[in-house]
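# Architecture at a glance
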Amino acid sequence: MDQQLIATLRGIVGDAHVLTDGDLSAYEQDWRKRVHGKSLAVVRPASTQEVAAVVKACAQAHTPIIAQGGNTGLSVGSTPDSSGQQVVLSLLRMQALRQLDADNLTVTVEAGMILQTLQDTADKAGFLFPLSLAAEGSCTIGGNLGTNAGGTQVLRYGNARELCLGLEVVTAQGDIWNGLTGLRKDNTGYDLRDLFIGSEGTLGIITAATMKLFPQPAAQLTAFAAVPSMEAAVRLLGLAHQHLAAGLTGFEVMGKFALSLVVKHMPQLRVPFADMAEAPYCVLLENSDSESESHARARFEHLLELAFEDGCVLDAVVAESMAQAHDLWHIRESIPLAQAEEGLNIKHDISVQASRIPAFVEYADAVLLREIPGVRLVNFGHLGDGNLHYNVQVPEGQDGKQFLNEKENLVNTLVYDAVAKFDGSFSAEHGVGALKADKLEHYKSPVALGMMRAIKQALDPQAIMNPGCVLKV
Ligand code: FAD
């Protein structure tokens, strides 16, 4: 039966694009190398019609399909299990630009296009495609939509869902739904597009998308500010919203311990205010301006004056050049690497509404330090979106693997219970995947879970689309 399916798949996409042996680890293990699966085959179709034929063949054989883009997902959603019975459907050969409509400010691309290629395509045409994240050189638009990716510009432009106008999808039955549209208004029934976005390959395969483009800003300025508390950081956010309005395109917070890891492991980076005793947090702000650099600078300086008067900023630097701005962003983006250099840690990608973040952090810090003395809390992230990477570093001097074996579940429970207490989400950006499917069962209401299961049953009654991802089987 397996051999028959493999022969059918070879007939659809060609022998060279059905991979069954050799080193398939790029497709079979997740980005953080925690899970090593084994597929029946990796199939690489080149067109929507080929995707549809592959899905039909798999559906007939009752064989599960795992959609995969760049395989940079952080929730173990894009790799097969260890059964050797699942087909990985890689979209990486589908990278075409189908249409760029300058008057409608939209671009239609195939799902396997790399995010950075789309950013460059938009840039060459004189536009901005604002989705931006550290994996942009490898992740795909299909994966970005599959996970509803966020990144650094959500505050101004929204996440992948808000950037998408239309989709083309191959359903679990192998039918092609052409929902590619550049319409900004369309109230004709249930929103199928939004159903597929963020569904992590569990309802169908996204094969193409129409995405929004934006005018490029005339100037972009970055500031780095030391703040006396998380409350002050949130007050600064409020002032920035008020005085920069739509110009505010980035607002990142970094805890002192997170910055100290950057200082320790990346001594070549100059971290402003890292040794300032009265500043437990620093904030990175980005102001994009449609007029000019001098206009942007004047607005930024006015904002910082007000912030100094308010007391929510202790000290600040504004980058003098793009190179300096890049260096400041590099500090923020280096925190995950610095954490890895320091040793094992437990990552969380949570959200709580911004106004409640100070109370959440105070509460969660106290609970963790009380229950697991010695843990080191690495706190940073997209404060403008209420999205924190509230990570837990193994206590100094302790064996990392042993600590994770003994304490990882407890740490996760303490953090996610705290998030639930503050009405937050245990996954702000990275999705549920297989990694957190049990958390979904625990933290979502029975009514919400019931509706999700009904949707899954209606669209994928055989449960062949990424089984075990999002909803437990
Ligand atoms: P994959 O990893 O291949 O797949 C992810 C999920 O989407 C899987 O469930 C898969 O089945 C599904 N999928 C993939 N393609 C399709 C398709 N065509 N149709 C339907 N479903 C599909 N994420 C953020 O949101 N914000 C960040 O700031 C961020 N930073 C990151 C930084 C680094 C260094 C890394 C490694 C990851 C980061 N991520 C971030 C996570 C990851 O990059 C995103 O989730 C990205 O959107 C995944 O894209 P991908 O093409 O790699 O998808």
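Residues numbered from 1 in each chain as written. Predicted model: local features only at pLDDT ≥ 70, side-chain atom pairs only at ≥ 80, totals over all residues.

Where an unreviewed UniProt entry is consulted, the protein appears under the name FAD-binding oxidoreductase, with the organism given as Comamonas avium. Regarding the protein, the relevant UniProt record gives this comment under Sequence similarities (unreviewed entry): "Belongs to the FAD-binding oxidoreductase/transferase type 4 family." (UniProt positions renumbered as here; feature names shortened; annotations may be inferred.)

The next subject is the overall build of the protein. Each helix and strand counted, the protein has 17 helices and 19 strands in total. Here the C-alpha atoms of the protein give a radius of gyration of 23 Å, agreeing with the 23 Å that 2.2 N^0.38 yields for 473 residues. The dimensions of the protein, computed from C-alpha atoms along their principal axes, are 70 × 55 × 45 Å. Burial statistics for the protein: of 473 residues in total, 46% are counted as buried. The contacts of the protein with a sequence gap of at least 6 include a subset with a gap of at least 24, amounting to 74%. (Helix = DSSP H or I, 4+ residues; strand = E, 2+ residues; numbered from the N terminus. Rg over C-alpha atoms; globule rule 2.2 N^0.38 Å. Buried ≥ 20, exposed ≤ 12 C-beta atoms within 10 Å, placed from the backbone. Contact = placed C-beta atoms within 7 Å.)

As a further point, take the nonpolar core. With 64 residues, the main nonpolar core has Ala225, Val227, Ala233, Leu236, Cys282 and Val283 as its most contacted residues. In terms of residue count, helix α9 (residues 230-244) provides more of this core than any other element does, 8 residues in total. Once you skip the residues sitting within four places of it in the chain, Val227 turns out to touch Ala232, Ala233, Leu236, Ala279, Tyr281, Cys282, Val283, Cys312, Val313 and Leu314. Formed by 59 residues, the second largest nonpolar core is a distinct cluster that contains Val18, Ala135, Ile205 and Ile464. (Core = buried A, V, L, I, M, F, W, Y, C linked by C-beta atoms within 7 Å.)

Take helix α10 (residues 256-265) next. When we look at burial in α10, the residues that qualify are Ala258, Leu259, Leu261 and Val262. Down the axis of α10, the sector holding all buried residues measures 150°, keeping them to one side. Structurally, α10 contributes buried residues whose contacts are with β13 (248-255), β14 (281-289), α12 (322-333), α13 (335-342) and β18 (376-382). (Arc of directions from axis to C-beta.)

We now examine unusual backbone geometry. Backbone geometry at Lys33 places phi at a positive 60°, although glycine is not the residue there. Mapped onto the fold, Lys33 is located in the loop between α2 (25-28) and β2 (41-43). Positive phi values are uncommon outside glycine, yet Asn466 reaches one of about 45°. When you line up the elements, Asn466 lands in the segment after α17 (446-459).

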